[in-house]
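# Inside the fold
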Amino acid sequence: MAIRTIITEPNKLLRQVSKPVNQVGKEEQKLMKDMLETMYAANGIGLAAIQVGIPQRIIVMDICKEENKKEPRYFVNPIIKNKDPLKATYEEGCLSVPNQFADIDRPSKCEVEYLDYNGQKQLLKAEGLLATCIQHEMDHLEGILFIDYLSKLKKSMIIKKLSKLKSSTAEV
Ligand code: NI
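Now for a look at the structure at hand.

What follows concerns the coordination of the nickel ion. Coordination of the nickel ion by the protein involves Cys94 (SG), His136 (NE2) and His140 (NE2), with metal-donor separations of 2.1 to 2.2 Å. For the nickel ion, the donor residues sit on a single chain with the sequence spacing C-x41-H-x3-H. Note that Cys94 is positioned in strand E4 (residues 87-94) and His136 in helix H2 (residues 128-141), a separation of 42 residues in sequence.

In C-alpha cells:
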C-alpha cells in the first residue's frame, strides 16, 4: 500500500466527471487499498479516486468512530436508487477543501447499488452520517464539491482562502 497525494481545490481535476470501472481487478483493488491508507493518514472518513487524481468511479469510506477499530467500505460504480425527500443537515468537510466546514442539507436516507471490493453487486440502505457521506463522495464522481451548495459569496471566499494557502506553501 502507498499513501497518495490528495488534490485540493482549486484544481480542474476535481471538476472532472469520473468514468465507470470496467471490472474490479488487482489494479483497482490496489488503488482502493492505497486510497484507504491515504484517507486514514489524513484522518478522513471518505475519499473518491479523483481526489488522488484518478478519474474512476471508486470510493472508499470508514465512518467508524471507535478508536482502533476499522470498518472500511469500498464502492465501485455506485448508483443512487432511492432518495428520501426528507433532508438532514450535517457539518461537512472535505480532504480536498482543507480546514473548511459548512452545514449542508442532503436527503436523510438513500439506497445505493454498487460493486464491492470483490466486484460483487451490493445494495446499501444508508441513513444518518453514512447517507450524507456516500452522497458527498458520489458528488466527487460528478465533479461536485460540497462548497458548490453554498452561496456564491461564501464559496468564492473559501476558494480565495485556499488559493492563498496554495501560493504561500510549496505544492508537493
Ligand atoms: Ni470530499
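Let us keep going from here.
With respect to the secondary-structure elements, Phe75 resides in strand E3 (residues 73-83). Of the residues examined, Phe75 reaches a relative accessible area of 1% and is grouped as buried. Setting aside residues no more than four positions away along its own chain, Phe75 makes contact with Arg57, Ile58, Ile59, Met61, Tyr114, Leu115, Leu124 and Ile134.

Let's shift gears to the environment of Pro107. As for its placement among the helices and strands, Pro107 is situated in strand E5 (residues 97-107). Overall, the relative accessible area of 12% leaves Pro107 in the buried class. Spatially, the C-alpha atoms of Pro107 and Lys125 are 13 Å apart, while their sequence positions differ by 18 residues. Pro107 has contacts with Lys83, Asp84, Leu86, Lys87, Ala88, Ala131 and Gln135, leaving out every residue within four places of it along the chain.

What follows covers the pattern of salt bridges. Following the criterion strictly, the structure yields 11 salt bridges and no others. One salt bridge connects Asp139 with Arg106, and the closest N-O pair in it is separated by 3.0 Å. Note that Asp139 is positioned in helix H2 and Arg106 in strand E5, a separation of 33 residues in sequence. As far as burial versus exposure is concerned, Asp139 and Arg106 are alike and both buried. The salt bridge partner of Glu113 is Lys121, with a shortest N-O separation of 3.8 Å.

Here we come to the packing of aromatic side chains. One pass over the full model with this rule turns up two aromatic pairs. Ring geometry for Tyr74 and Tyr117: centres 4.8 Å apart, planes at 45 degrees, overall tilted. One end of the pair, Tyr74, is in strand E3; the other, Tyr117, is in the loop between strand E6 (109-115) and strand E7 (121-127), with 43 residues separating them in the sequence. In this structure, Tyr74 and Tyr117 share a single accessibility class: buried. On the numbers, 4.5 Å between centres and 55 degrees between planes, the contact of Phe75 with Tyr114 is tilted. With Phe75 in strand E3 and Tyr114 in strand E6, this pair connects stretches of sequence that are 39 residues apart. With a relative accessible area of 12%, Tyr114 lands in the buried category. The ring of Tyr117 has Lys33 sitting right over it, with the charged end atom 5.1 Å from the ring centre. For the cation-ring pair, Lys70 lies above Tyr40, with the distance from its terminal atom to the ring centre recorded as 4.9 Å.

Rules used throughout
- Residues numbered from 1 in each chain as written.
- Predicted model: local features only at pLDDT ≥ 70, side-chain atom pairs only at ≥ 80, totals over all residues.
- Heavy atoms only, no water.
- Donors = N, O, S within 2.8 Å, 3.2 Å for Na, K, Ca; no water.
- Helix = DSSP H or I, 4+ residues; strand = E, 2+ residues; numbered from the N terminus.
- Buried < 20%, exposed > 50% of the residue type's maximum accessible area, 1.4 Å probe, protein only.
- Contact = heavy atoms within 4.5 Å.
- Salt bridge = Lys/Arg side-chain N within 4 Å of Asp/Glu carboxyl O.
- Phe/Tyr/Trp six-rings, centres within 6.5 Å; stacked < 30°, edge-to-face > 60°.
- Lys NZ or Arg CZ within 6 Å of the ring centre and 35° of its normal.

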